[in-house]
Amino acid sequence: MLANISNIVNILTVFQLALLSFVIISSKNMKRTNKFLFAFLVVNLSLVLVSLLYQYKMMPHFNFPVITYIQKSSFILLGPLVYFYTKAICYSDFKFTKKNWLHFLGFFLMFAYFIVDYSIRSSNTNDITTTASLTLFSYSIYSVIFLLQLVIYIITSFLILKKYRQTLKTEYSSVENKELSWLQILLVVYFFHWLFDTLMFVFYIIEVKSPELFSILGILSILTLLIFSTWAVVKGLKQLAVFSGIEQKSKYADSTLSKSDSEMFVTELINYMETSQPYLEPSLKITELAQSLSIPSKSLSQSINQQLGKNFYDFVNSYRIEEAKSQIKKANGNGRTILEILYESGFNSKAAFNRAFKKHTGITPTEYKRSL
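Residues numbered from 1 in each chain as written. Predicted model: local features only at pLDDT ≥ 70, side-chain atom pairs only at ≥ 80, totals over all residues. Heavy atoms only, no water.

Applying the stated rule across the entire model yields 30 aromatic pairs. Arranged with centres 5.6 Å apart and planes meeting at 20°, the rings of phenylalanine 36 and phenylalanine 84 form a pair that is stacked. You can see phenylalanine 36 sitting in helix α2 (residues 32-55) and its partner phenylalanine 84 sitting in helix α4 (residues 78-90), a full 48 residues away along the chain. As far as burial versus exposure is concerned, phenylalanine 36 and phenylalanine 84 are alike and both buried. A centroid spacing of 5.1 Å and a plane angle of 80° characterise the contact between phenylalanine 107 and phenylalanine 108, whose relative ring orientation is edge-to-face. Chaining the aromatic ring pairs together yields one cluster made of Phe36, Tyr83, Phe84, Phe94, Phe96, Trp101, Phe104 and Tyr153. The ring of tryptophan 231 carries the charged tip of lysine 235 above its face, separated from the ring centre by 5.4 Å. The ring of phenylalanine 347 carries the charged tip of arginine 320 above its face, separated from the ring centre by 5.8 Å. (Phe/Tyr/Trp six-rings, centres within 6.5 Å; stacked < 30°, edge-to-face > 60°. Helix = DSSP H or I, 4+ residues; strand = E, 2+ residues; numbered from the N terminus. Buried < 20%, exposed > 50% of the residue type's maximum accessible area, 1.4 Å probe, protein only. Lys NZ or Arg CZ within 6 Å of the ring centre and 35° of its normal.)

Here is the structure:
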């Protein structure tokens, strides 16, 4: 029963991956981000398809050892593709260089190992049925390398996302729809896909005799892959339509900003914030603020960071919170709601307002209102 369910899920996965690949390649603008996602989908499609062909005896593995070894080696491509997809989503200026090809070197090394191993064993026996199969030693080495490599790339992708979010707050005063929460969920889902595969490998090595258990883990693994692929296509295309990421390069690496200029910029900024109240604009960006002050945006960002010890996001929100506190005091007893006040203070969502208020005051807006 479970074996039949597993086969059905695998067949559906092949059609779904083919459909998602078609959606990506037929999109109007085949951006760099989509190319990494397309490659990921095609690799997974080929992996599942070849497994099904082997399973249904349509392509016996011992007659096609090279295809078998290409399929096994292709698993090494998945980690780098997820990693580069994450970088391309986060950073608009990310470029794939010649050095980046080194990330895919493992595929060629693994394939070369399989071919050499096959050549040595085939010279000692005429039994192609067993020669084309991986030995337990080769399978163990291959699985350990693949799984360790994959988890390293997943962890690195999480770190990239974390750094992106930190940099994002140096440029934007509102980060809703830009924090890539969906990408974090995506990486968690892919982590579980890796986890199920790892459990299958461990159970195989310790010789657990339970076909049902392997079928369940196989179904869970392929389902999480299906969720990952569908989520990546739907959310990825939507994300690129509204926001294509930020610049990756360090803002202050080549800065020649002096301390006196930095102090002067901060003085001008504070005066402008108090007199013109630009923080009431929900979509305020540092480039717009810098343009109003006739100050280079990078210099203004550096000045806020070094002189005030804040990023742009927290700096602007500190003014918005003070405005909100003032409005709550004035509104106490006249019927105006906190929801009305948060929008008038420059916030564009209740969740962002509550987080910022709690961070700057230590209490919630409702608690602050009650304290009055």
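Additional details are given in the paragraphs that follow.
Let us look at the nonpolar core. Core analysis: the largest hydrophobic core is formed by 63 residues, its most contacted members being Phe40, Tyr85 and Leu183. Of all the secondary-structure elements, those providing two or more residues to this core are α1 (2-25), α2, α4, α5 (105-122), α7 (136-168), α8 (181-205) and α9 (211-242). Per element, the largest residue contribution to this core is eleven residues, and it comes from α7. In this structure, Phe265, Met273, Ile286 and Ala290 belong to the second largest nonpolar core, which totals 16 residues. (Core = buried A, V, L, I, M, F, W, Y, C linked by side-chain atoms within 4.5 Å.)

Next up on the list: empty space enclosed by the protein. What the rule picks out here adds up to two cavities of 30 Å³ or more. As a volume, the largest cavity reaches approximately 50 Å³. Along the walls of the largest cavity sit Ser173, Ser174, Glu176, Pro282, Tyr313, Asn317, Arg320, Gly346, Phe347, Asn348 and Ala352, which together make up its complete lining. When residues of the lining of the largest cavity are assigned to their parent elements, the largest contribution, three residues, is made by helix α13 (residues 312-331). Of the residues in the lining of the largest cavity, the class split is four nonpolar, five polar and two charged. In this structure, the second largest cavity occupies an estimated 30 Å³ of space. Counting residues per element, the lining of the second largest cavity draws most heavily on α4, which supplies three residues. (1 Å grid on protein atoms, 1.4 Å probe; cavity = no way out; pocket = protein on both sides within 12 Å on 5 of 7 lines; lining within 4 Å. Points joined across faces, edges and corners; volume = space filled by probe spheres on them. Nonpolar A, V, L, I, M, F, W, Y, C, P; charged D, E, K, R; others polar.)

What follows is about the pattern of salt bridges. Throughout the structure, instances matching the rule amount to two salt bridges. With a closest N to O distance of 2.9 Å, aspartate 314 and lysine 359 form a salt bridge. Placement of aspartate 314 in helix α13 and of lysine 359 in helix α15 (residues 350-361) is noted, with a sequence separation of 45 residues between them. Among the residues examined, aspartate 314 registers a relative accessible area of 13% and is labelled buried. Classification of lysine 359 as exposed rests on a relative accessible area of 56%. Two residues, lysine 325 and glutamate 322, come together in a salt bridge whose shortest N-O distance is 3.5 Å. (Salt bridge = Lys/Arg side-chain N within 4 Å of Asp/Glu carboxyl O.)

Residue pairs spaced three or four apart in an α-helix point in one direction, given the helix's 3.6 residues per turn. Over its 20 residues, α13 runs 28 Å from end to end, which matches the ideal 28 Å to within 8%, given 1.5 Å per residue. Taking burial as the measure, the 20 residues of α13 include 16 buried ones, the bulk of the element. The distance from a side-chain oxygen at the start of α13 to the backbone nitrogen of tyrosine 313 is 3.2 Å, and the residue carrying that oxygen is asparagine 311. (Expected span 1.5 Å × (residues − 1). Polar contact = N/O pair within 3.5 Å; in protein donor to acceptor, adjacent residues only side chain to side chain.)

Let's shift gears to the packing of α2 against helix α3 (residues 65-74). Their axes nearest at 10 Å, the elements α2 and α3 cross at an angle of 140°. Between α2 and α3, the crossing angle belongs to the class labelled oblique. Between α2 and α3 lies a crossing of left-handed hand. Along its contact with α2, which presents Val43, Leu47, Val50, Ser51 and Tyr54, the element α3 presents Ile67, Thr68, Gln71 and Ser74. In the contact of α2 with α3, the residues fall into five nonpolar, four polar and no charged. (Axes fitted to C-alpha atoms, helices over the stretch in contact; angles between N-to-C directions. Parallel < 35°, antiparallel > 145°, perpendicular 65-115°, else oblique. Left-handed = near helix turned anticlockwise from the far one by under 90°. Contact = heavy atoms within 4.5 Å.)

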